[in-house]
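Here is what each chain is made of, one letter per residue.
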Amino acid sequence: MAKQYDFLFRLLMLGDSGVGKTCMLRRFTESDFDTTHISTIGIDFKMKTLEVDGTKVRVQIWDTAGQERYQTITKQYYRRAQGVIFVYDVTDKLSFKHIAKWVSDVDEYTTQKMETILVGNKCDDSLRREVSKNQGTKLAGSYGMEFFETSASKNINISESFERLTELVLQAHKRDVDNLLGSLDSYLDKADLEEDKESTVPHLPQRSCAC
Amino acid sequence: SERLEVRVEVARQREMKWIDMFCHWDKWVKHRFQKVKLRCRKGIPSSLRARAWQLLSNSEELLRDNPGKFEELEREQGEAKWLDIIEKDLHRQFPFHEMFAARGGHGQQDLYRILKAYTIYRPDEGYCQAQAPVAAVLLMHMPAEQAFWCLVQICEKYLPGYYSAGLEAIQLDGEIFFSVLRRTCPMAYRHLKKFKIDPILYMTEWFMCIFSRTLPWSCVLRVWDMFFCEGVKIVFRVGLVLLKQMLGSVDKLRELQGMYETMERLRNISPDTIREDILVQEVSAYGGRVHKACFCFYLETRVISHFILLWLILLSSLPLSVSTLSDVLLSRSSLSQ
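What counts, and at which threshold
- Residues numbered from 1 in each chain as written.
- Chains lettered and ligands numbered in written order.
- Predicted model: local features only at pLDDT ≥ 70, side-chain atom pairs only at ≥ 80, totals over all residues.
- Heavy atoms only, no water.
- Salt bridge = Lys/Arg side-chain N within 4 Å of Asp/Glu carboxyl O.
- Helix = DSSP H or I, 4+ residues; strand = E, 2+ residues; numbered from the N terminus.
- Pairing = 2+ DSSP bridges.
- Core = buried A, V, L, I, M, F, W, Y, C linked by side-chain atoms within 4.5 Å.
- Buried < 20%, exposed > 50% of the residue type's maximum accessible area, 1.4 Å probe, protein only.
- Contact = heavy atoms within 4.5 Å.
- 1 Å grid on protein atoms, 1.4 Å probe; cavity = no way out; pocket = protein on both sides within 12 Å on 5 of 7 lines; lining within 4 Å.
- Points joined across faces, edges and corners; volume = space filled by probe spheres on them.
- Nonpolar A, V, L, I, M, F, W, Y, C, P; charged D, E, K, R; others polar.
- Arc of directions from axis to C-beta.

(A) Expanded view of the pattern of salt bridges. All names here are of chain B. Here the structure, examined in full by the defined rule, presents 32 salt bridges over all chains. The shortest N-O distance in the salt bridge between Glu 72 and Lys 69 comes to 3.9 Å. Taken together, the residues Glu 72 and Lys 69, both in helix α6 (residues 69-75) and three residues apart, mark about one turn of the helix. Ionic contacts of the salt-bridge type, sharing partners, join the residues Arg 122, Asp 124, Glu 125 and Glu 156 into one network.

(B) Here's a closer look at the pairing of strand β6 (residues 146-149) of chain A. With four bridges joining them, strand β5 (residues 115-121) of chain A and β6 of chain A adopt parallel strand pairing. Its bridge partner being in β6 of chain A, Val 119 of chain A is matched across the sheet by Phe 148 of chain A.

(C) Representation of the nonpolar core within the structure. Grouped together as the largest cluster of nonpolar side chains are 142 residues, with contacts concentrated most on Trp 206 and Trp 224 of chain B. With eleven residues, the top contributor of residues to this core is helix α16 (residues 232-247) of chain B. Ignoring anything within four residues of it in the chain, the contact list for Trp 206 of chain B reads Phe 211, Thr 214, Gly 239, Leu 242, Leu 243, Met 246, Leu 266 and Ile 269 of chain B. If you look at the next biggest cluster of nonpolar residues, it comprises 25 residues, including Met 24, Val 59, Ile 61 and Phe 148 of chain A.

(D) Looking closely at the layout of surface pockets. Taken as a whole, the largest pocket encloses approximately 1,000 Å³ of empty space. Lining the largest pocket are 36 residues; nearest its centre among them are Arg 26 and Ile 38 of chain A together with Glu 205, Arg 213 and Asn 268 of chain B. Ranked by the residues each element gives to the lining of the largest pocket, the list is headed by helix α1 (residues 21-30) of chain A, at five residues. Considering only residue class, the lining of the largest pocket consists of 16 nonpolar, ten polar and ten charged.

(E) The arrangement of helix α18 (residues 259-267) of chain B in detail. Three or more residues of α18 of chain B are buried, namely Met 259, Tyr 260, Thr 262, Met 263, Leu 266 and Arg 267 of chain B. An end-on view of α18 of chain B places all buried positions within 165° of arc, on one side of the element. Its buried side turned inward, α18 of chain B meets β2 (43-52) and β3 (55-64) of chain A together with α13 (186-194), α14 (199-208) and α16 of chain B.

Written out as structure tokens, the structure is:
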């Protein structure tokens, strides 16, 4: 069977308990919002295939329990991700304050380069809002991240934020491949020079099959 | 209607037997525990379940020995960092159960009371999100004060360390569970290994919530009946039975050709694939096998002693101290008697 996609990326959702990570994910993967839901215990993931710039990308999105003590479990999966969505709740100041901790934890537990975005969820709830859009933009700016205000219940900016992160990961991946190809080119150039000195270069097939 | 009459008669007899046991509880537990165990496996009559759970867990005694303690705990203020998370979780437990459906309804209020009381009772442990569904199941059966002491017993005697800050015990039990699986159902083991599905990905919720979010309700109650009588080994066995049922044959694995498909299956067990009587029967039949496998794991780790402990700690990057690890291993080595 032919592969249904060109790339597979792993994204991670991080943020305090109750900010709406699971609801965002459900809205995105199942186009659905349920006012009755249960807290996430442990870690879970969902998949979705997207089309970005004509490329079929399959994303595996890891949804994590927000309570601090679950981090001993969830942090083991940080390293597998290429992108992170940091989520806070615009009606909960504390969850906004904790973004700094989530960001520094990701720095601490990962070694790879990651694409990240910041999301303030529940933006439809203007009566209970405690964090302004401006504050969110500013914080995202200080980390060099892009910023979205979303609402899983009203379906605002949900697919936009997931798709944007996927796009960023795809671009970063292409850059990496280009760099790799670039260094491969220079390696091959160097190999050509070497070849002038030595007569055989067995690991370059196009040269060795001169029969 | 004749069959119905027979069923009613059987149920009535069963109730009478349990009431008789209640009257001489200490004697039954001391001298005829096997019989008590068998009766728990048959299912505790629902009218007597609450009392039976409290007797089996010894929480009734705890309540008797600590009169007024719960009220005392309730009067304390509690720490904001726990209360904050507890409040966010109140409407996220069994949202379809009439007791917990209404925001601020009596079910949610009682849930708040006992979870808060626990953080004051054990400030070093605080609150763990998986305690909420467990407490909710208890509240469906008994008043808040009784449910509180029953929760205390589950957290301290049945599943020590499961809800503690580092979540060490649950991660270790995940490893033990996986090693037991290798011996009891190699096919499921190989499949999970092939797709790199760590035990922690599927068993965290199963074990921490004692299957209350996993199984059809009638099964949950039967599992809890056995669990209160026999302890954590029931949790292990139910997990093994489920994996065997879902991943134990070539046919079943054919549809699960990937990590995602497998995880979906394990995280959303379709209720019509699980039959109460078969589940109980298979759990009962596991008997010595789990014990043996756990004991092997225990021996393996103990013989090579501290080196392998350290290696385990480093490898799994668990923030474990050697002493906690040995404690948990010791308690698991007696999983089955």
